[in-house]
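So the chains spell out like this:
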Amino acid sequence: MEVTLSILLGFMIIGAIFALHAKDLLSAVIAAGIVGYSLVICFLLLKAPDLAIVQVVVETITLIIMVAVVLDSTREELKVKIDTQQIFNISLAFIFMLALIFFFVQATDMLNPFGQHSLRMASAYVGETAAKTGSANLVTGVLFDFRGYDTLGEATILFTAAIGVLTILRIKGKK
Amino acid sequence: MIVYILCFVLFLVGLYGVITRRNLVKIVISLSIMEFSIFIFLALIGYIDGGIAPIITGQDINPTYVDPLPQAMVLTAIVIGLATTAMLMAIAIRLYRKYGTFDIREIKNLKG
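Starting from 1, residues in each chain are numbered consecutively following that chain's sequence as written. For this description, chains carry letters from A and ligands carry numbers from 1, given in the order in which they are written. Reporting of local features is limited, given that this is a predicted model, to residues whose pLDDT is at least 70; pairs of side-chain atoms are given and counted only at 80 or more, and all residues count toward the totals for whole chains, interfaces and linings. The side-chain values count all of the structure's non-hydrogen atoms but skip hydrogen atoms and water molecules.

Asker: How should the domain arrangement of chain A be read in this particular structure?
Answerer: The extent of an interface is frequently quoted as the accessible surface area lost upon association of the parts. Along its sequence, chain A is organised into domain 1 (1-83) and domain 2 (121-175). For the domain bounds, the source is a domain assignment made automatically or taken from a database. Summarising the inter-unit geometry, the C-alpha centres of domain 1 of chain A and domain 2 of chain A are found 24 Å apart.

Asker: Sorry if this is basic, but what is going on with unusual backbone geometry here?
Answerer: Apart from glycine, the bulk of residues carry a negative phi angle, and the bulk of peptide bonds sit in the trans form. All names here are of chain A. For K47, which is not glycine, the phi torsion reads 65° and is therefore positive. Helix and strand assignments follow DSSP, with helices taken as H or I runs no shorter than four residues and strands as E runs no shorter than two, numbered in order from the N terminus. With respect to the helices and strands, K47 occurs in the loop between α2 (25-45) and α3 (49-72). Looking at K47, the relative accessible area reads 29%, which means it is partly exposed. Buried residues are those whose accessible area, probed at 1.4 Å on protein chains only, stays under 20% of the maximum for their type, while exposed residues exceed 50% and partly exposed ones sit between those limits.

Asker: Help me understand the interface of chain A and chain B, please; the structure alone is not making it clear to me.
Answerer: Should any heavy atoms of two residues lie within 4.5 Å, those residues are counted as being in contact. Across the contact, 93 residues belong to chain A and 75 residues belong to chain B. For the pair chain A and chain B, the summed buried area comes to about 7800 Å², and 78% of that belongs to carbon and sulfur atoms. Throughout this description, the term salt bridge denotes a Lys or Arg side-chain nitrogen within 4 Å of a carboxyl oxygen of Asp or Glu. One can count 2 salt bridges joining chain A with chain B. Polar contacts here mean pairs of N or O atoms no more than 3.5 Å apart (in protein, one a potential hydrogen donor and the other a potential acceptor; neighbouring residues in sequence count only if both atoms are side-chain atoms). In this assembly, chain A and chain B are joined by 12 residue pairs in polar contact (both at pLDDT 80 or more). Sorting elements by how many residues they give to the side of chain A that touches chain B places α3(A) first, with 14 residues. Gly falls in the polar group here, along with every residue not listed as nonpolar (Ala, Val, Leu, Ile, Met, Phe, Trp, Tyr, Cys, Pro) or charged (Asp, Glu, Lys, Arg). For the side of chain A that touches chain B, the per-class residue count stands at 62 nonpolar, 18 polar and 13 charged. Note: buried area is the sum, over both parts, of the accessible area (probe 1.4 Å) each one loses when the two are combined.

Asker: Explain the confidence of the model for chain B to me, please; I cannot follow it from the model alone.
Answerer: Detailed conclusions should not be drawn from predicted coordinates in areas where pLDDT is low. The predicted model of chain B has a mean per-residue pLDDT of 87, with 96% of residues at 70 or higher. You can read pLDDT as the predictor saying how much it trusts each residue, on a scale of 0 to 100. The secondary structure element of chain B with the lowest average pLDDT is helix α3 (residues 68-99) of chain B, at 90, and the one with the highest is helix α2 (residues 24-45) of chain B, at 92.

Asker: So what exactly am I meant to see when it comes to empty space enclosed by the protein here?
Answerer: Over the atoms rolls a probe the size of a water molecule, and its path tells where empty space is left. The definitions used throughout rest on a 1 Å grid laid over the protein atoms alone, on which a cavity is an enclosed set of points accommodating a 1.4 Å probe that cannot get out and a pocket is an open set flanked by protein within 12 Å on both sides along at least five of seven lines; lining residues are those having an atom within 4 Å of a point. Grid points are joined across faces, edges and corners, and a volume is the space filled by probe spheres set on the points. A full pass over the atoms with the stated rule returns 2 cavities of 30 Å³ or more. There is about 130 Å³ of room inside the largest cavity. For the lining of the largest cavity, the secondary structure elements donating two or more residues are α3 of chain A together with α2 and α3 of chain B. Among the elements that make up the lining of the largest cavity, the one with the highest residue count is α3(A) (6 residues). Each residue belonging to the lining of the largest cavity can be placed in one class, and the counts come to 8 nonpolar, 5 polar and 2 charged. In this structure, the second largest cavity encloses a volume near 30 Å³. Together, L46(A), A48(A), A43(B), G46(B), Y47(B), V66(B) and Q71(B) line the second largest cavity. The residue inventory of the lining of the second largest cavity, partitioned by class, reads 5 nonpolar, 2 polar and no charged.

Asker: Looking at this structure, how should I read the state of the cysteines?
Answerer: Two cysteines form a disulfide when their sulfur atoms are joined by a covalent bond. By disulfide we mean two sulfur atoms from cysteines, separated by a distance within 2.5 Å. On inspection of all chains with the given rule, the structure shows 0 disulfides over all chains. The thiol sulfur of C7(B) is not disulfide-bonded, and the nearest other cysteine sulfur, from C42(A), lies at 8.3 Å. Residue class for C7(B) comes out buried when judged on its relative accessible area of 2%.

Structure follows, in structure tokens:
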């Protein structure tokens, strides 16, 4: 299990690195699709079928949007010369990475080893969902009943984003 | 433990892309890569060895379910990720139509 997931994650890392260094924007977008669809397989292996279904749909829509944008504009990657600004950015990135690695090492002490998670908060959900909500799917029960306001907020965000996209893409803009 | 580390490496790849790339499309791609790494990390935390998917079928005797709470949270986060990506891409195409480039250095002088 852990080996399979490691191989998939390594595949995702390779895809991500290729996406960042591709010369063609279209291949960069497709390489980002590698990462997203590998995530689907990871979710299936981790026994999360709901997440896998949602991720398939969302990743497909994202890819369509990105491909449409790239085809509508330009496919060529910028020619970046190594100048002082770029060196500064790269060193800044490495400083951030070092800081995050420090915090990661601190935080992993508190994590259980992989596969030995203990249900604390969710044990109540697991025991009571079927009786209280009538839902056979525990994730649905949590999402739409115990944490219904979360889902309401999520729907609000989607609606706001749709209005935002429509506003930005208006044909006529104010002069 | 190795899976957590690989997840973290994926996050760092995304962070590196956000800071160093100059193409708007690649910055959006890097942001979504960071999102993906967080999703997989949360799903990994909730996994239990020998657990089954959190769906009650009534056929398993004394079942162990994987944690449904991180899965519900990630489900919300995936949809919000779609909203942010769509919004960022809309802004990117709008800027391209105005400036004719995706280069963020060219777009720096935003003067009304």
